[in-house]
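Chain residues, written in single-letter form:
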2 protein chains.
Amino acid sequence: MILVKIGGGAGIRLEEIVRDLAQLEEPFVIVHGANALRDEIVLKMGLDKQVITSASGYSSVFSDKNALDAILMAYSGLRNKRLVELCLTHNILAVGLTGLDGRIVQGQRNRGIRVVENGKKILKRDFSGKPRSINTALLTLLISQGYTPVITIPICDENGFAINSENDDIVCEIQKALNAETVIQLIEAKGLMEDINDPDSLIPNLSRAGLARMEQKATGRIKRKMHALNKLAQSGVGQVIICDGRTRNPVRNGLSGGGTRIQ
Amino acid sequence: MILVKIGGGAGIRLEEIVRDLAQLEEPFVIVHGANALRDEIVLKMGLDKQVITSASGYSSVFSDKNALDAILMAYSGLRNKRLVELCLTHNILAVGLTGLDGRIVQGQRNRGIRVVENGKKILKRDFSGKPRSINTALLTLLISQGYTPVITIPICDENGFAINSENDDIVCEIQKALNAETVIQLIEAKGLMEDINDPDSLIPNLSRAGLARMEQKATGRIKRKMHALNKLAQSGVGQVIICDGRTRNPVRNGLSGGGTRIQ
């Protein structure tokens, strides 16, 4: 079983990826993003992106109803179904699902962010949270019947509400649920880089220990990414391949030694 | 088995409908529209709605790539997943699907419309077509495992491409595939009316012969609706109930004698 994570950057070449996937002999599951598309839709529709600052000084995106609507249009609608269509035209019998559908990705809603408003500390709660479990029965039922699940956000909270979540965390839960041997992540970079400003500093091979050291050095959003990667690497996966989704034959390249391999 | 068609008008009360559906003892399948939502998104995003006039003088909407994108955002994304969410919060284990997913609604693409351009007759082909068959195996598999399919456009053409289609035709195909005994259609009217301008002219009961007579008298878009209804009534269904989706307890009202019943 291969788990394929397709990033949501504007440079990712979806058709190249799907053409490669159609050649795989093992079954696979796709988890995909759509952040560039979401930003484009938000801009065109004049929706506001709410950013709030916590009492302790951290800024983060506040996933209000509008933000979830934009996710539903971009991730669950346009990107998910165009990706399913691309699969179908390449003879992959895809079924597009959000975490809501059949509660396939069950999450836990965040408890809220402490903010200061009018001099008072209050708890503001948005529609975001973390995946906690997978409806493995539904997922394996579909796979056993020859379908390829194509999964994206939102996920489902304890009460059935749609919540935003990190795709990295969803990938981690699905890997555990399916015991996927290989995880391929298609991103807008050659792989993990020693120095983000030096295009020749690609790290071709990385041990789990090396990855843990990289997490310690990282800061900001990269640190969160490295943390998710570390969690994935430690969850019993055989290998994680991080490779360039902007090239020709991106999956084939990744499986045959391109990008960064964590073993 | 009950097949529930929920119209896409702005006045349809989705939460009322879902609250009623949660009380049903029989399994059911939902097919829904989202035309008002689609028009709103098209307007906000400044997408053009292409209308073309055929050589024989008929105007129709031309489903180009933009029109399909709008369908994917409105029907497949926002409306489908908010409806799934509403189901989940009412303990209905819904799975939202377009006709593309697992090729659940297999269609045939229209061959094109003959138009006159620069004095020449040419064939213009858009992304639209008619449903021809249902992936009954996938649909019944989901139902047998306790899931409630929530289905919308687009559907899938012969080559795997997304195409627009009439929900009325999709309902007809699904009714046949599942041999649904009852079809409930929730619309923005009290039911079928003798005179569309007279709110007191509701037709409570209609025979199949009476329906056929109504089709002959109808014109324009209503004629197409009546034609689809006639096809449905003649396909072996036990009863078709057409009732008001704008009221409280719309499904309960329909099942207990409200609206129009065709038997």
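Residues numbered from 1 in each chain as written. Chains lettered and ligands numbered in written order. Predicted model: local features only at pLDDT ≥ 70, side-chain atom pairs only at ≥ 80, totals over all residues. Heavy atoms only, no water.

Things to note about the relation of the copies chain B and chain A
Put simply, the rule is: Least squares is the method used to superpose the copies, on C-alpha atoms of residues holding a pLDDT of at least 70 in both. By definition, residues are in contact when any of their heavy atoms lie within 4.5 Å.
Mapping chain B onto chain A calls for a screw motion: a turn of 180° about the axis and a shift of 0.0 Å along it, with 0.0 Å RMSD after fitting. With respect to symmetry, the two chain copies, as superposed, fit the operation of a two-fold axis. If distances are taken from each C-alpha of chain B to the rotation axis, the shortest is found for B:G77, at 1.8 Å. Comparing contact sets, 100% of the residues at the interface of chain B also lie at the interface in chain A, consistent with an isologous, same-surface contact.

Some remarks on the confidence of the model for chain A
Detailed reading of the predicted coordinates is not advisable wherever pLDDT falls low. Stated precisely, the cut-off is as follows: Residue-level confidence of the predictor is what pLDDT reports, using numbers from 0 through 100.
In the predicted model, chain A carries a mean pLDDT of 94, and the fraction of residues at 70 or more is 100%. Here the predicted complex scores 0.96 on pTM and 0.95 on ipTM.

Here we look at the interface of chain B and chain A
Convention followed: Reported buried area values correspond to the accessible surface (1.4 Å probe) lost by two parts on association, with both partners' losses combined. Here, a salt bridge means any Lys or Arg side-chain nitrogen found within 4 Å of an Asp or Glu carboxyl oxygen. Polar contacts, as used here, are pairs of N or O atoms within 3.5 Å; protein pairs need one atom able to donate a hydrogen and one able to accept it. Residues neighboring in sequence count only if both atoms are side-chain atoms. Secondary structure elements follow DSSP: runs of H or I of four or more residues count as helices, runs of E of two or more count as strands, with numbering from the N terminus. Any residue that is not Ala, Val, Leu, Ile, Met, Phe, Trp, Tyr, Cys, Pro, Asp, Glu, Lys or Arg is counted as polar, Gly included; the first ten are nonpolar and the last four charged.
Of the residues lining the interface, 38 residues belong to chain B; the matching set on chain A comes to 38 residues. Of the roughly 3,100 Å² buried at the junction of chain B and chain A (both faces included), carbon and sulfur atoms supply 68%. Three residues, B:M45, B:K81 and B:R82, lead the burial of chain B against chain A; their summed loss comes to 17% of the area buried on that side. Where chain B touches chain A, the interface holds four salt bridges. In this structure, the salt-bridge partner of B:R82 is A:D69, at a minimum N-O distance of 2.8 Å. For the interface between chain B and chain A, the tally reads 12 residue pairs in polar contact (both at pLDDT 80 or more). Elements that contribute at least two residues to the side of chain B that touches chain A include exactly α2 (35-45), α3 (65-89), β5 (94-98) and α4 (136-144) of chain B. With 14 residues, the top contributor of residues to the side of chain B that touches chain A is α3(B). Split by residue class, the side of chain B that touches chain A holds 20 nonpolar, 10 polar and eight charged.

Let's talk about a positive patch on the surface
Short version of the rule: A residue counts toward a patch only above 30% relative accessible area and without a salt bridge, and it is joined to like-charged neighbours within 9 Å or, for Val, Leu, Ile, Met, Phe, Trp and Tyr, to nonpolar neighbours within 5 Å. Accessible surface area values rest on a Shrake-Rupley calculation with a 1.4 Å probe, where residue burial reflects the displayed protein chains alone. Positive charges come from Lys and Arg, negative ones from Asp and Glu, while His and the chain ends are left out of the count. A single reference atom marks each charge: NZ on Lys, CZ on Arg, CG on Asp, CD on Glu. Relative accessible area decides the class of each residue, using a 1.4 Å probe on protein chains only: under 20% of the type maximum gives buried, over 50% gives exposed, and in between gives partly exposed.
There is a patch of like positive charges on the surface, built from A:R111, A:R114, A:K121 and A:R125. Judged by its relative accessible area of 61%, A:K121 falls in the exposed class.

Points about the packing of aromatic side chains
The condition that has to hold: A pair of Phe, Tyr and Trp rings is counted when the ring centres sit within 6.5 Å of each other, with Trp represented by its six-membered ring. The angle between the planes then sorts it: under 30 degrees is stacked, over 60 is edge-to-face, the rest tilted. Any Lys NZ or Arg CZ found within 6 Å of a ring centre and within 35 degrees of that ring's normal is scored as a charge over the ring.
This structure, assessed with the given rule, holds zero aromatic pairs over all chains. Directly above the ring of B:F62 sits B:K124, whose terminal nitrogen or CZ lies 5.1 Å from the centroid.

Considerations on the sheet that holds strand β13 (residues 182-187) of chain B
All names here are of chain B. Note the cut-off: We treat two strands as partners when DSSP finds at least two bridges between them.
Strand order in the open sheet formed by eight strands is β5-β10-β2-β1-β13-β15-β16-β14, and the pairing between neighbours is mixed. Two strands bound the open sheet, and with one partner strand each, they are β5 and β14 (205-206). The pairing of strand β1 (residues 2-6) with β13 spans five bridges and is parallel. Bridging across to β13, V4 finds its partner in I184.

Notes on the environment of B:I52
Residues and elements named next belong to chain B. If you trace the backbone, I52 turns up in strand β3 (residues 51-53). By relative accessible area, which is 9% here, I52 ends up buried. For I52, the contacting residues outside a window of four places in its chain are Y58, S59, S60, F62, I113 and V115.

Let's talk about a negative patch on the surface
All names here are of chain A. Residues E194, D195, D198 and D200 make up a contiguous surface patch of negative charge. Structurally, D200 can be placed in the loop between β13 (182-187) and β14 (205-206). Judged by relative accessible area, which is 68%, D200 ranks as exposed.

Overview of the packing of helix α1 (residues 14-21) of chain B against α3(B)
All names here are of chain B. Put simply, the rule reads: Axis definition: a line fitted to C-alpha atoms, limited for helices to the stretch in contact. Angles are taken between N-to-C directions and run from 0 to 180 degrees. Reported orientations rely on four angle classes, namely roughly parallel under 35 degrees, roughly antiparallel over 145, roughly perpendicular from 65 to 115, and oblique for the rest. Each crossing gets its handedness from the near helix: less than a right angle anticlockwise from the far helix is left-handed, clockwise is right-handed.
Between α1 and α3, the least distance of the axes is 10 Å, while the angle of their chain directions is 45°. Relative to α3, the element α1 is oriented oblique. Once α1 is placed against α3, the crossing between them reads as right-handed. Between α1, through L14, E15 and V18, and α3, the contact on the second element is made entirely by R79, L83, L86 and C87. Here the contact of α1 with α3 is built from residues that sort into five nonpolar, no polar and two charged.

Some details on α2(B)
The line we're drawing: Think of the arc as the fan of directions from the helix axis to the C-beta atoms.
By the burial criterion, the buried members of α2(B) are B:L37, B:R38, B:I41, B:V42 and B:M45. Mapping the buried residues of α2(B) onto a view down its axis gives an arc of 135°, with all of them on the same face. Where α2(B) is buried, its residues touch α2 (35-45) and α3 (65-89) of chain A together with α3 of chain B. Once α2(B) ends, the next one or two residues include B:G46, with phi positive near 65°.

Structural notes on the pattern of salt bridges
Enumeration according to the criterion identifies 32 salt bridges over all chains in this entry. The shortest N-O distance in the salt bridge between A:K225 and A:D168 comes to 3.2 Å. With A:K225 in helix α7 (residues 220-233) and A:D168 in helix α5 (residues 167-178), the pair connects residues that are 57 residues apart, well separated along the chain. With a shortest N-O distance of 2.9 Å, B:D69 and B:K65 are connected by a salt bridge. Here B:D69 pairs with B:K65, and both are found in helix α3, just four residues apart, close to one helical turn. Ionic contacts of the salt-bridge type, sharing partners, join the residues A:R13, A:E15, A:E16, A:R19 and A:R248 into one network.

Focus: the side chain of B:T152
Inspection of the secondary structure puts B:T152 in strand β10 (residues 148-152). With residues near it in sequence (within four places) discarded, B:T152 still touches B:H32, B:Y75, B:S76, B:N80, B:L97, B:T98 and B:G99.

Notes on the pairing of strand β7 (residues 113-117) of chain A
Residues and elements named next belong to chain A. Alignment of β7 against strand β8 (residues 120-124), held across five bridges, turns out to be antiparallel. Within β8, the residue paired with V115 across the bridge is I122. Count of turn residues in the β7/β8 antiparallel hairpin: two residues, of which N118 carries a positive phi of about 50°.

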